[in-house]
Amino acid sequence: MSQPPDPASQRPADDAGTDLGISTGNDLAHPTPALPGPDSATTPDAETMARLCLGLAVRRTSNLVTRHYNAHLAETGLEVTQFSLLAGIASGKPASLGDLAGLLSIDRSTLTRNLRPLQAAGLIDLHAAQGRRQLPTLTEKGETVLRAASSAWLRAQTALVDTLGPEDTAAVRASLKRLRDAARRPGVP
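Below: a short report on this structure. (Residues numbered from 1 in each chain as written. Predicted model: local features only at pLDDT ≥ 70, side-chain atom pairs only at ≥ 80, totals over all residues. Heavy atoms only, no water.)

1. With respect to the overall build of the protein chain
The criterion, for reference: Starting at the N terminus, helices and strands are each numbered in turn, a helix being any DSSP run of H or I of at least four residues and a strand any DSSP run of E of at least two. Relative accessibility under 20% of the residue-type maximum defines a buried residue, over 50% an exposed one, and the middle range a partly exposed one, all with a 1.4 Å probe and only protein chains included. Note on contacts: a residue pair is in contact if any heavy atoms of the two residues lie within 4.5 Å. We get accessible surface area from the Shrake-Rupley algorithm with a probe of 1.4 Å; when it comes to residues, only the shown protein chains can shield them.
For the protein chain, the helix and strand inventory stands at 6 helices and 2 strands. Across the protein chain, helices and strands are ordered from the amino to the carboxyl terminus as α-α-α-α-α-β-β-α. When the 189 residues of the protein chain are sorted by exposure, 22% land in the buried category. Long-range pairs, those at least 24 residues apart, make up 54% of the contacts in the protein chain with a sequence separation of at least 6. Surface exposure of the protein chain reaches about 12600 Å², of which carbon and sulfur atoms provide 56%.

2. Observations concerning the pattern of salt bridges
Going by this rule: Any carboxyl oxygen of Asp or Glu within 4 Å of a side-chain nitrogen of Lys or Arg constitutes a salt bridge here.
For the structure on display, the rule yields 3 salt bridges. Between Asp 181 and Arg 184 there is a salt bridge; the shortest N-O distance is 3.6 Å. Remark: Arg 184 and Asp 181 occur in helix α6 (residues 140–184); sequence separation between them is 3 residues, near one turn of the helix. Residue Asp 181 is classed as partly exposed on the basis of its relative accessible area of 33%. Where salt bridges share partners, they join Lys 177, Asp 181 and Arg 184 into one cluster.

3. Side note on the packing of helix α3 (residues 80–90) against helix α4 (residues 97–104)
This is how the line gets drawn: For helices, the axis comes from a line fit to the C-alpha atoms of the stretch in contact; other axes are also lines fit to C-alpha atoms, and the angle between any two N-to-C directions lies between 0 and 180 degrees. If an angle is under 35 degrees, it is roughly parallel; if it is over 145, roughly antiparallel; if it lies from 65 to 115, roughly perpendicular; otherwise it is oblique. By convention the crossing between two helices is left-handed if the near helix lies anticlockwise of the far one by an angle smaller than a right angle, and right-handed if it lies clockwise. Each residue is assigned to one class: nonpolar for Ala, Val, Leu, Ile, Met, Phe, Trp, Tyr, Cys and Pro, charged for Asp, Glu, Lys and Arg, and polar for all the others, Gly among them.
Running from amino to carboxyl end, α3 crosses α4 at an angle of 120°, the nearest separation of the two axes being 10 Å. The orientation of α3 relative to α4 falls into the category oblique. Considering how the two elements wind past one another, α3 and α4 form a crossing that is right-handed. Contacts from Ser 84, Leu 85, Gly 88 and Ile 89 in α3 reach Leu 100, Leu 103 and Leu 104 in α4. Of the residues in the contact of α3 with α4, the class split is 5 nonpolar, 2 polar and no charged.

4. Let's talk about the nonpolar core
Spelled out, the test is: For this analysis, a nonpolar core means a set of buried residues of the types Ala, Val, Leu, Ile, Met, Phe, Trp, Tyr and Cys, connected via side-chain atoms within 4.5 Å.
Ranked by size, the top nonpolar core spans 22 residues in total, and within it Leu 78, Leu 86, Leu 111, Leu 115, Leu 118 and Ile 124 carry the most contacts. Those elements that provide at least two residues to this core are α2 (54–73), α3, α4, α5 (108–120) and α6. Look past the residues within four positions of Leu 86 in its chain and what remains in contact with it is Leu 78, Leu 118, Leu 123, Ile 124, Leu 138 and Leu 146.

5. Comments concerning α6
How we decide: Expected span of a helix: the number of residues minus one, times 1.5 Å. The angle between axes fitted to the seven residues ending at a residue and the seven residues starting there is what we call the bend at that residue.
Taking 1.5 Å of rise per residue, 45 residues should cover 66 Å, yet α6 covers just 36 Å from first to last C-alpha, more than 12% shy of that figure. For α6, the principal kink sits at Gly 165 and spans about 105°; a proline, Pro 166, occurs within the next four residues. Taken together, the buried positions of α6 are Gly 142, Val 145, Leu 146, Ala 149, Ala 152, Ala 156, Gln 157, Gly 165 and Thr 169. The inward-facing, buried residues of α6 contact α2, α3 and β2 (134–138).

6. As for a nonpolar patch on the surface
Where we set the bar: The patch calculation keeps residues exceeding 30% relative accessible area without a salt bridge and links them within 9 Å when they carry like charges or within 5 Å when they are nonpolar (Val, Leu, Ile, Met, Phe, Trp, Tyr).
A contiguous nonpolar surface patch, about 460 Å² in accessible area, is contributed by Leu 54, Val 58, Leu 164, Val 172, Leu 176 and Leu 179. Elements with a contribution of two residues or more to the nonpolar patch: α2 and α6. Broken down by element, the residue count for the nonpolar patch peaks at 4 residues, all from α6.

7. Things to note about α4
We apply this condition: Our arc is simply the arc of the directions from the helix axis toward the C-beta atoms. Any N or O atom pair separated by 3.5 Å or less is treated as a polar contact, with the protein-specific requirement of one donor-capable and one acceptor-capable atom, and with residues adjacent in sequence counted only for side-chain atom pairs.
Those residues of α4 not exposed but buried are Leu 97, Leu 100 and Ala 101. Across the axial projection of α4, the buried residues extend over an arc of 100°, all falling on one side. Those residues of α4 that are buried lie in contact with α3, α5, β1 (124–128) and β2. For α4, the side-chain oxygen to backbone nitrogen distance between the N-cap and Gly 98 is 3.3 Å, and the N-cap itself is Ser 96. Of the residues flanking the end of α4, it is Ser 105, one or two places downstream, whose phi is positive at about 55°.

8. As for the pairing of β1
Convention followed: Paired strands, as defined in this entry, are two strands with at least two bridges between them according to DSSP.
Taken together, the 5 bridges between β1 and β2 define a ladder with antiparallel strand orientation. The partner of Ala 128 across the bridge, within β2, is Gln 134. The hairpin formed by β1 and β2 contains 5 residues between the paired strands, and Gly 131 there has a positive phi angle of roughly 65°.

Shown next as structure tokens:
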């Protein structure tokens, strides 16, 4: 079995962030300039907005991390989003599609769209549950694919955790949780 490609070798040349003036992690040495308030007639320039935008920073990081996991999972025919769906279903926690969408922090229409290929491949079934709810379950084939993919996922996970180390891994998880919590705050669209 061949080794998955090294995701770092697939990194675009502009990954240092210079293409958009995005910080590369030396923010402590360079204080963040304050953005003008909503009543200000001055709007920050595009470079400043790109450098400070949490949404862009998370998206760029997500794209790189997704490529890392997908490179490891390629041998199983799954992508990390599909693996996450199968693992979420296998956890037994979701009692409905709505619960699964909540568990994965995605909207219901995205979930439905992402479940179709898994159902077409014979990896999941949808069963009627209480009321009008549907309950996704893994088929025997889905369980087999998930077991195989779990080994590939573990290699991808271990590679990242080993690179970061335990303290940075814990810090990343804690920071991402705080960011998710902030984004879920009442009044945040």
